[in-house]
Amino acid sequence: MTGKQEVFQFLSEHKGEYLSGEELAGKLYISRNAVWKAIEALRKEGHEIEALTRRGYRLVASAGEREPGLRVNKEEILAAVKHKEFLPIVTVLEQTESTNRVVKEMAMQGAAEGTLVAAVSQSSGRGRLGRSFFSPEGGIYMSFLLRPKLPAEKAVFLTTAAAVSVARAIERVTGIRAGIKWVNDIFVSGKKVCGILTEAGIDFETGLPEYVVIGIGINVEPKELPKELAPIVGFLNDAAKKPVNKSVLVAAIWDEFAGIYPKLSSAEYMEEYRERSVLLNREVTVLDPSGYYTAVVKDIDRDGHLIVEKDGKTESLASGEVSVKL
Ligand code: BTN
């Protein structure tokens, strides 16, 4: 962590308390001048830090608390992450084509597991099945890099693990129930608020994934939607009836995922994935390479396959897309 991150971390752990420059410098093993510089930089980022002679510095409100509409903030993400043994390596970008693309490029240049890029907006956000993902300012667009030591067939569990992590995090931060629409859309109050796109590079020699990029896009602040999205897409702030702190949500997603990741191959969380499904016992339209057909969803098995019944026959879908009226 940089001095600035450490100062922010320390101030937020002691939020509301005054800490002298000397105390901060001593605890963090940096000079008093470095403390002062860190405070100035943090204030420029929008954090409200009070300074009183003879008492010291006090964090009054973080940037995200003062202005929940604000962009994600690196220091705030890092301070809010609870899994301190597995901190993300965070970069926040103002605007980019696609955070998945940025992280993939970083992965190919040798970036470490845990590299996380978040952007305020994306000019060519990518969705599943070659679609685009509407990414205006006001949402969360984040991608992180994993280097799992797992065969490719187990690595597919990363997507379902990410879906469970996002659903849990949304629920923890907003208090509202989040469901999962197979494969990995997150639904709140009957509308899609989040999509997840997992991309991987496979080492053909070993057959193991060289890198996996998990990209998560969340609609937070209400925006005017393109006509075709309006009936399906929702916004977290509308559902929660309050502004959601984006940095805190990014940290919560990271924490939930960090809790599942070491136990990924046990697929324990698959039961929760199933329970959160918004599709069970519903009639859906399956989009299949051969066309569309109607079926009823009977189950989701431990491999994440969707079990549907069509004309009295059961089928197991490993991937693809279904649509449902909720
Ligand atoms: C989908 O719903 O089809 C998946 C959407 C995934 C969008 C996220 S936003 C962050 C990351 N960067 C991208 O270009 N896509 C993913």
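One can find the structure itself at the top, above this paragraph.
**Quick word on the sheet that holds strand β13 (residues 313–317)**
(1) Moving on: With respect to topology, five strands assemble into an open sheet ordered β13-β12-β11-β10-β14, the strand pairing being antiparallel. Where the open sheet ends on each side, the last strands, each with one partner, are β13 and β14 (321–323). Pairs of neighbouring strands in the sheet enclose a mean axial angle of 45°, with direction left out of account.
(2) Moving on: Relative to strand β11 (residues 291–300), strand β10 (residues 283–288) runs antiparallel, the two sharing six bridges. Bridge pairing in β11 places Val-284 opposite Ala-295.

**A word on unusual backbone geometry**
(1) Moving on: Cis rather than trans, the peptide bond between Trp-182 and Val-183 has omega equal to 5°.
(2) Moving on: Within the element layout of this structure, Val-183 appears in the loop between β6 (179–181) and β7 (185–188).
(3) Moving on: Although it is not a glycine, Ser-189 adopts a positive phi angle of roughly 45°.
(4) Moving on: Within the secondary structure, Ser-189 is located in the loop between β7 and β8 (191–202).
(5) Moving on: Even without being glycine, Asp-311 reaches a positive phi, approximately 50°.
(6) Moving on: As for its position among the elements, Asp-311 is in the loop between β12 (306–310) and β13.

**Some words on the sheet that holds β7**
(1) Moving on: Strand order across the open sheet formed by seven strands is β3-β4-β5-β9-β8-β7-β6, with mixed pairing between neighbours. Taken across any chain shown, the strands that pair with only one partner, and hence form the sheet edges, are β3 (89–96) and β6. The sheet shows a mean angle of 20° between the axes of neighbouring strands, direction not considered.
(2) Moving on: Two strands pair when backbone bridges link them, and β6 and β7 are joined in this way by three bridges, in the antiparallel orientation. Bridging from a neighbouring strand, Gly-179 pairs with Phe-187 of β7.

Cut-offs and rules
Residues numbered from 1 in each chain as written. Predicted model: local features only at pLDDT ≥ 70, side-chain atom pairs only at ≥ 80, totals over all residues. Heavy atoms only, no water. Pairing = 2+ DSSP bridges. Helix = DSSP H or I, 4+ residues; strand = E, 2+ residues; numbered from the N terminus. Axes fitted to C-alpha atoms, helices over the stretch in contact; angles between N-to-C directions.

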